[in-house]
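# Examining the three-dimensional arrangement
Listed below are the residues making up each chain.
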Amino acid sequence: MAKKKKIVRQNTLIRKIGGLTVFLDAVFLVIILGAAVFLYYFNLNNSRVENATYQNQVIETFILDIVENIESDVHELAIDEDIINYLKYVNEGNDPIILETDVNYNIFSNYLLQAGSIIDYQKDNLYDLAYIATDVECSSGTDGCGITHDGQLSFSDWQLTNRPWFSAVSTANAVLTDPYVDGLTGEYVFSYVEKIYDNSTLIGYVGIDIKLENFASLLNAFIEDNVGEDNKLIIVSDYDASPLMMYFSNDVNNDYTMEDNDTISSLDEANGYDNFGIAYILENADLDEFITLKLLDGKYLIVYNDIDNTNFTTITLYNVSRMFNIEIIFIILLAVTVGFMVLVSLIVRKQITNALKPINVILGTIEKIKDGDYEARVKIKENNEFKKIGDAINIMSSEINYQIKKTYDSLAYDMLTGLKNRASATQEIDETIFKSDKRAAVCLIQVDNLKNINITKGNIIGDNLIKAIADELRKVLKTSETLFSNGGNEFVYIKENFTSLEQVEFTLSQMLVHFKDPIIVKNIKAEIKFFIGVSIYPTDGKSLNELINKCDTALFKSHEFGNKKIIFYNEKIARSVSYQAEISERLSQAVDKGQIYLKYQPLVYTNNEIYGFEALARWNSPTLGEIGPTVFIANAEESYLIIPLGTWILRKACETQVEIRKKLGKDFVMSVNISPVQILQRNFTTILRKIIKETDINPSYLTLEITEGVFIEASVMLEDTIEELHNLGVKLSLDDFGTGYASLTYLRQINFDNLKIDKSFVDGIFGSEKDHRIISTIVNLVHNLDMKVIAEGVETRRQYEYLKEISTDIIQGYIFAKPLIIEDLYDFLNKFYKLSKTRRVEYFAKQNESR
């Protein structure tokens, strides 16, 4: 019976505390709800302003994009060689209209082609007319001549100096005009005009007319998709310091378009808008309050914004009429919450006080334990959950007391090696060695291959090995010198009383010599590999922790050097390590942020036809600047970021190959470098197959370049992968031949399609007769293996002719072009195919010499 009574008492307490907890949670939720409503009410106005500002920014961005596209198209015409040549021809007094039978007709036709393409291939049907103008007369009585994109000449009464843009462009290189009535069509247009120079000589002007109607249609579509029909947009042009409404998204009020302020005021009055119509909006550029506009039957927040580099101002009318008013709900909820909390406080106060009295006893004991009295005990008579908690605290207190005594006894020494540990040595060293003015060298000794030994020999052997190394270090180093364990596979040795860094290095070198022979542990020989990072007190730091951290930095760098076992810390090493760490951190986001891009270098047959292009990755970091591929690719391979990065490069290169094919109607081979880390992934062929399918590339026009370094990691899986690649129809090229590990065995075993001779061989062609014979032998050997030979890094005509003479198949290098962005690549192809085959090498070789 007594047992049952105890259970009932415990359950009663649980229900009591549980009920109180649920009750208090409910109160808390009500308070949170009331606070949330309260905050929402007071932030409502700020939210409206932010939304209106955002809508305005969206509109501003769209208009700026339109203006930038117009500027880009006009600038493209202004620097076009065909247009410059035509203007020069006209300026020499020649007839602007050239007949097809005339030998100079191609000058005229090239101009029509370039100027007409801007109008014919425009994306949004925005442009009305493209034209050029010069101060050379077309006919008597004029002061200039204008020629449109379709070859029409200006009228006989046409005056260059009367053009709406002429006076503005006289003091600037380019100008965007306010809207005006076009003399030819009678419709409202605005123009963007830029000067044309031949070298530094002004020879004319080029411009594009944009119909205001087309501009309005484009804005209507954008507003419908992105701003919403409830919000309105007005665009005003400050023409002759008098505002003209060039656009209003409200269809009902289109009669306001291109009217001045006086006319708009008259229209407001006629439409019954009184003093709060469109004129009111135009006159209050500093308005930041809500007003009711009768013409729109709504409540609007108005935001004004001047568009950069234009004479346009946007006025966004953000509709706030439909925002739900929650003030009454908030007041009701707040009243209910306050009343409920008053009632709760009266009921709960006494129950909590009585139920939780034992907590004070427990807390008192815990405070004693915190102060170090681990023999303090919780004493609760009532048999409930609090007593169980007290008993648990008593057990923990006893165990803590035992463990502290045990830990204290062994705290100062490493259990495995018997050496002092870093924690116990730090204070002693900081207060003795590092309090004097004498220099001291802190040497962090790392057993580099301990992990491999643990894996291959077992952890027991590894533990015994660390103990044996500690014993040997005691023998090598003087008993008066400081040696302690840094945990795991590291030791710290502090050398005092040295006169030069060479003396420190000599001591450490002697230590390495001592460990040149394997250590025998439990009848197993183990070779020891050390790396040692060294920092100097007080130059590199004044505390042990700071100096060991700098030793760590030096150790990181020593792994890069590989064969350099002893590295002294310096600021250059710190910057290098920091730079590498920052590259790793930023590289993971570079692709998503659009900082990685591709350049393409042409590969040209020795018969002067294009074979294809090599895709080369570049990184333009806004923080770190332009980073070379040798830096970030190696970093990406080390961190395995090369897998997503390489996949992006491969996909982008395939997309470009397909884009070129569609644009030019020709297929060129696209060559892509593949990292050993990438190709050895089990799913590499699956990823490649997916990219081929999604980009629609013909796999026979895709070449994967594999460096010789892949053979270090070569395995059965590599052979299987290469076989799958051939089954997909992809070509394989061995890159940088002669710089690494490739041998005739690999060339015989692996079916490569191409072999690329490294630039170092090409540079040495004319160095010696031996170099001559080596590269000639390579070409003959590769041809006998039924592979194409690609020579990279070709820069001079002399190199080209020799490589052609020994039957090299394909040339890559600056002699034709440096790596190009896609836009420049199209320009290169245009020039390449305009030249006859016999002139291509000569032309581009001279271009390279002049760079």
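What comes next concerns the included structure. (Residues numbered from 1 in each chain as written. Predicted model: local features only at pLDDT ≥ 70, side-chain atom pairs only at ≥ 80, totals over all residues. Heavy atoms only, no water.)

### Section: helix α6 (residues 261–270)
- Where α6 is concerned, the buried positions are N261, I264 and D268. Projected onto a plane normal to the axis of α6, the buried residues spread over an arc of 55 degrees and lie on a single side. Seen from the open side of α6, the exposed residues pointing more than 90 degrees away from its buried face are D262, E269 and A270.
- Backbone geometry just after α6 places G272 at a positive phi near 80 degrees. (Buried < 20%, exposed > 50% of the residue type's maximum accessible area, 1.4 Å probe, protein only. Helix = DSSP H or I, 4+ residues; strand = E, 2+ residues; numbered from the N terminus. Arc of directions from axis to C-beta.)

### Thoughts on the pattern of salt bridges
- Scanning the entire structure with this criterion turns up 16 salt bridges.
- For K88, the salt bridge is made with D198, and the minimal N-O distance between the two is 3.5 Å. Of the two residues, K88 sits in helix α2 (residues 81–91) while D198 sits in strand β5 (residues 188–198), which places them 110 residues apart along the sequence.
- The exposure class assigned to K88 is partly exposed, which follows from its relative accessible area of 30%.
- Note that E694 and R651 form a salt bridge whose closest N and O atoms lie 2.7 Å from each other. Note that E694 is positioned in helix α20 (residues 684–695) and R651 in helix α18 (residues 642–664), a separation of 43 residues in sequence.
- One salt-bridge network, in which partners are shared between bridges, spans E609, K837 and R840. (Salt bridge = Lys/Arg side-chain N within 4 Å of Asp/Glu carboxyl O.)

### Observations concerning the side chain of N848
- By secondary structure assignment, the location of N848 is in helix α27 (residues 837–850).
- For N848, a relative accessible area of 13% puts it in the buried group.
- Within polar-contact distance, the side chain of N848 engages the backbone oxygen of E795 at 2.8 Å.
- Setting aside chain neighbours within four positions, we find N848 in contact with E795, Y814 and I815. (Polar contact = N/O pair within 3.5 Å; in protein donor to acceptor, adjacent residues only side chain to side chain. Contact = heavy atoms within 4.5 Å.)

### Quick look at the packing of aromatic side chains
- Here the structure, examined in full by the defined rule, presents 22 aromatic pairs.
- Ring centres 5.6 Å apart and planes at 40 degrees place the aromatic pair Y86 and F108 in the tilted group. Taken together, the residues span a long stretch of sequence, with Y86 in helix α2 and F108 in helix α3 (residues 105–120) at a distance of 22 residues. Considered together, Y86 and F108 belong to a single accessibility category, that of buried residues.
- Ring centres of F190 and F215 lie 5.3 Å apart, and the angle between their planes is 85 degrees; on these two criteria the pair is classed as edge-to-face. One end of the pair, F190, is in strand β5; the other, F215, is in helix α5 (residues 212–226), and 25 residues separate them in sequence. The burial state of F190 is the same as that of F215; both residues are buried.
- Every member of this aromatic cluster is reached through a ring pair, and the members are Y800, F816, F828, F832, Y833, Y843 and F844.
- Against the face of Y826 rests K663, its NZ or CZ located 4.5 Å from the ring centre. (Phe/Tyr/Trp six-rings, centres within 6.5 Å; stacked < 30°, edge-to-face > 60°. Lys NZ or Arg CZ within 6 Å of the ring centre and 35° of its normal.)

### With respect to the state of the cysteines
- Throughout the structure, instances matching the rule amount to one disulfide.
- Disulfide pairing is shown between C138 and C145; the S-S distance is 1.4 Å.
- With relative accessibility at 27%, the residue C138 sits in the partly exposed group.
- According to the relative accessible area criterion, C145 is buried, its value standing at 0%.
- Residue C443 stays outside any disulfide, its sulfur separated by 6.9 Å from that of C551, the closest cysteine. (Disulfide = S-S within 2.5 Å.)

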